[in-house]
Amino acid sequence: MTSINKLLKLMFVVCLLSTSSCDNDITDINSNPNGLNLDEANPSFLLTDVMANTAMDIGNKGYSDPLSAFVQYTQKDAWGNNNYDWSGSGWDGYYNNLRSAKLALERAKELDFKFHEAVATILIAHNFALLADFYGDVPYTEALQGDGEILLPKYDTQESVYKGVIADFEAASAMLSSNMGNLEVFGATQDIFFQGDAEKWMKYANSLALRYYMRFSEKDPGFAGTGVQATLAKPLISSVDEECAIPYLGTGAFDSQPSNGQQGSPSSFTRVKPCTTFTYKLAELDDPRRSIWFDAVEIPIKVVPASEVPGGADDTVVDGVRYINEETLAPNGLKIFDPATWYADREAGLNLIDTNSVYVGIPVSYQGSEPYTYNLNPNPVQGGGNPHVSLMNPMFDAVKGPNLKARIFSYAEVCFLKAEAALKGWGSDAEGNYNKGVEASFETWGIGDQYSDYISNPAVAFDGSLEQIMEQKWIANFSSASEAYLDWRRTGLPDLQTGPFAKSTVIPVRFVYPTSNSTLNRENYYSALNSLETTSHTDDVPGYIENDTPWSKPWILQGVSKPW
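Worth saying up front: this structure is predicted, and the values here are computed from it rather than measured.

Thresholds applied
- Residues numbered from 1 in each chain as written.
- Predicted model: local features only at pLDDT ≥ 70, side-chain atom pairs only at ≥ 80, totals over all residues.
- Heavy atoms only, no water.
- Helix = DSSP H or I, 4+ residues; strand = E, 2+ residues; numbered from the N terminus.
- Rg over C-alpha atoms; globule rule 2.2 N^0.38 Å.
- Buried < 20%, exposed > 50% of the residue type's maximum accessible area, 1.4 Å probe, protein only.
- Areas by Shrake-Rupley, 256 points an atom, 1.4 Å probe, with all protein chains shown as cover.
- Pairing = 2+ DSSP bridges.
- Lys, Arg positive; Asp, Glu negative; His and termini not counted.
- Salt bridge = Lys/Arg side-chain N within 4 Å of Asp/Glu carboxyl O.
- Polar contact = N/O pair within 3.5 Å; in protein donor to acceptor, adjacent residues only side chain to side chain.
- Contact = heavy atoms within 4.5 Å.
- Phe/Tyr/Trp six-rings, centres within 6.5 Å; stacked < 30°, edge-to-face > 60°.
- Lys NZ or Arg CZ within 6 Å of the ring centre and 35° of its normal.
- 1 Å grid on protein atoms, 1.4 Å probe; cavity = no way out; pocket = protein on both sides within 12 Å on 5 of 7 lines; lining within 4 Å.
- Points joined across faces, edges and corners; volume = space filled by probe spheres on them.
- Nonpolar A, V, L, I, M, F, W, Y, C, P; charged D, E, K, R; others polar.
- Axes fitted to C-alpha atoms, helices over the stretch in contact; angles between N-to-C directions.
- Parallel < 35°, antiparallel > 145°, perpendicular 65-115°, else oblique.
- Left-handed = near helix turned anticlockwise from the far one by under 90°.

Draft legend 1. Quick peek at the overall build of the chain. For the chain, the helix and strand inventory stands at 19 helices and 11 strands. For 564 residues, the compact-globule estimate of 2.2 N^0.38 gives 24 Å, and the C-alpha radius of gyration of the chain, at 25 Å, lies within 12% of that figure. Taken over the C-alpha atoms alone, the chain extends approximately 80 × 50 × 50 Å along its principal axes. Counting over 564 residues, the chain shows a buried share of 59%. Taken as a whole, the chain presents about 21,600 Å² of accessible surface, with 48% of it coming from carbon and sulfur.

Written out as structure tokens, the structure reads:
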């Protein structure tokens, strides 16, 4: 679907589904909505398009795309990629967003719409930031000039893009702050992020600046610390009600919960399974969010002495439980899953049995093909289901619901950023902010009443370590895998390791440029490759162009020890 077609469809959906009609104060800007004269384009509708596309990109990556497997929230047991052999996605989408946002910015300036100008600036900065996050050097200062004289833009350094977008977040925040009370209306049905609330946009811009200053924490702590301290003095997202989390509308695949089973094949939902890294950590912490995110296994497995197997058989299902004679394991190359030894067990050729009675996940990179055979699946065919592995919570099978949102920036993230900053000496009250981050996650998933018991757990109560902050931030970022991945890349925390059948022994640290860049913008593309640091893992998977691989390090990781 083209960007213009998406725009027209979203304009219709927004008007149709909102509780009030589209904002009458600015819809008359489009004198010909059917023809959509770009010189008279409505900046509100353009920005709606950019917000929706940005949200869906983050939502898709967050729940069931390979990034979710990268950070070991999920694994797919059919038609999936669990082995870290993924070159990434998003380049075209981000630049399409940028073209629409640029037009919105130009129209806002022509109309002297400061609110729209600030929002366009924030969205442009965020999409450029995502490009730099995932790819490294990208076209920036010469990008979006295809209608002018620059058809082959240079790639700006990752450092300059990061610093440029931070400056834009700060400028947009200042624009909103200085004009507060005198801003034009931004219709609530068109502003799908904050329903026309300029103060929330200002806080969002400041919070984004905080996130991106922290990106420099390992590479350039001096720059990071100065920026973080200045930003902490500004208004930030300060409650769950202020976070940027966009409910899915459920009208079509373009605005629905990713990988639901209602639109298309039911297997879209059933093939997404929890990862054991995640299930075991949550079990270790007795974390009640398990019941929100996962479904109980249909038929748990018990390995018992022969005398305890009902009916005297070696392997039988009775009353919804599968009983296996423990004496049959070794002769059949089987062993009970142990988090401490499972990797070596798989390398030794053993097949593993997970005997958890409630939540059973799939180990990361468990086998070279899709792991639909895992845990002695009695119906080992791709897409055939597995009664011995948990599904995700049934709510994720719906197209929309109270907890089904594209989670772009949470209040919990702000709290954990503050806690981390305090540990580094750039802020204060590490424990208080850590506690607020945990509480915010519980609140946003609707179980705030269980926070007090959880935080009193000795394994959860703050111990003053960065490891604990990042562990709880990783947990809280479930369904926001992009940020979890970028946090891991920056800090190496939590200590995630690839599985025995991964394509490399280390997790990738960037996306690969689209192949078309090597032909259409050849000179600038190869210049950008010179900025990538070749590592001992760069060539772990053959077939890429020179060092344009997921295991070459972009600028932000060069000269630092994290994540590997």
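Here the narrative resumes, following the displayed structure.
Draft legend 2. Main features of the pairing of strand β11 (residues 405-409). Taking burial as the measure, the 5 residues of β11 include 4 buried ones, the bulk of the element. Pairing geometry for strand β4 (residues 244-247) and β11, over 4 bridges, is antiparallel. Considered in β11, the bridge of Ala245 is made with Arg407.

Draft legend 3. View of the side chain of Asp191. Inspection of the secondary structure puts Asp191 in the loop between α6 (158-179) and α7 (198-214). Summary of buried charges: Asp191 has no salt-bridge partner, and the nearest side chain of opposite charge, Lys200, is 9.1 Å away. Within the structure, the side chain of Asp191 is placed 3.0 Å from the backbone nitrogen of Phe194, a separation counted as a polar contact. Within the structure, Asp191 has its side chain in polar contact with the side chain of Trp201 (distance 2.8 Å). Once residues within four sequence positions are removed from consideration, Asp191 is found in contact with Met51, Phe186, Gly196, Asp197 and Trp201.

Draft legend 4. Representation of the packing of aromatic side chains. Following the criterion strictly, the structure yields 51 aromatic pairs and no others. Pairing Phe193 with Phe194 gives two aromatic rings, centres 6.3 Å apart and planes at 85°, and the pair type is edge-to-face. When sorted by exposure, Phe193 lands in the same class as Phe194, which is buried. The ring of Phe223 carries Lys163 above its face, with NZ or CZ at 4.7 Å from the centroid. Note that Arg346 overlies the ring of Tyr366, its terminal NZ or CZ placed 3.9 Å from the centroid.

Draft legend 5. Representation of empty space enclosed by the protein within the structure. Considering all chains together, one arrives at 5 cavities of 30 Å³ or more under this definition. Its volume calculated, the largest cavity comes out at about 120 Å³. Contributing to the lining of the largest cavity are 17 residues, with Ile58, Arg211, Arg407, Ile408 and Glu483 lying nearest its centre. Within the residue set of the lining of the largest cavity, elements represented by two or more residues are α5 (114-135), α7, β11 and α17 (481-491). Residues of the lining of the largest cavity, tallied by class, amount to 6 nonpolar, 5 polar and 6 charged.

Draft legend 6. Main features of the side chain of Gln257. Looking at where Gln257 falls in the secondary structure, it is placed in the loop between β4 and α9 (267-270). Setting aside residues no more than four positions away along its own chain, Gln257 makes contact with Tyr63, Tyr248, Phe396, Ala398, Val399 and Leu404.

Draft legend 7. Up close: the packing of α6 against α7. Closest axis-to-axis distance for the α6/α7 pair is 9 Å, and the angle between their directions is 155°. Judged by the inter-axis angle, α6 sits roughly antiparallel to α7. Here the hand of the crossing between α6 and α7 comes out left-handed. Residues Tyr162, Ile166, Phe169, Glu170, Ser173, Leu176 and Ser177 of α6 pack against Ala198, Trp201, Met202, Ala205, Asn206, Leu208, Ala209, Tyr212 and Tyr213 of α7. Of the residues in the contact of α6 with α7, the class split is 12 nonpolar, 3 polar and 1 charged.

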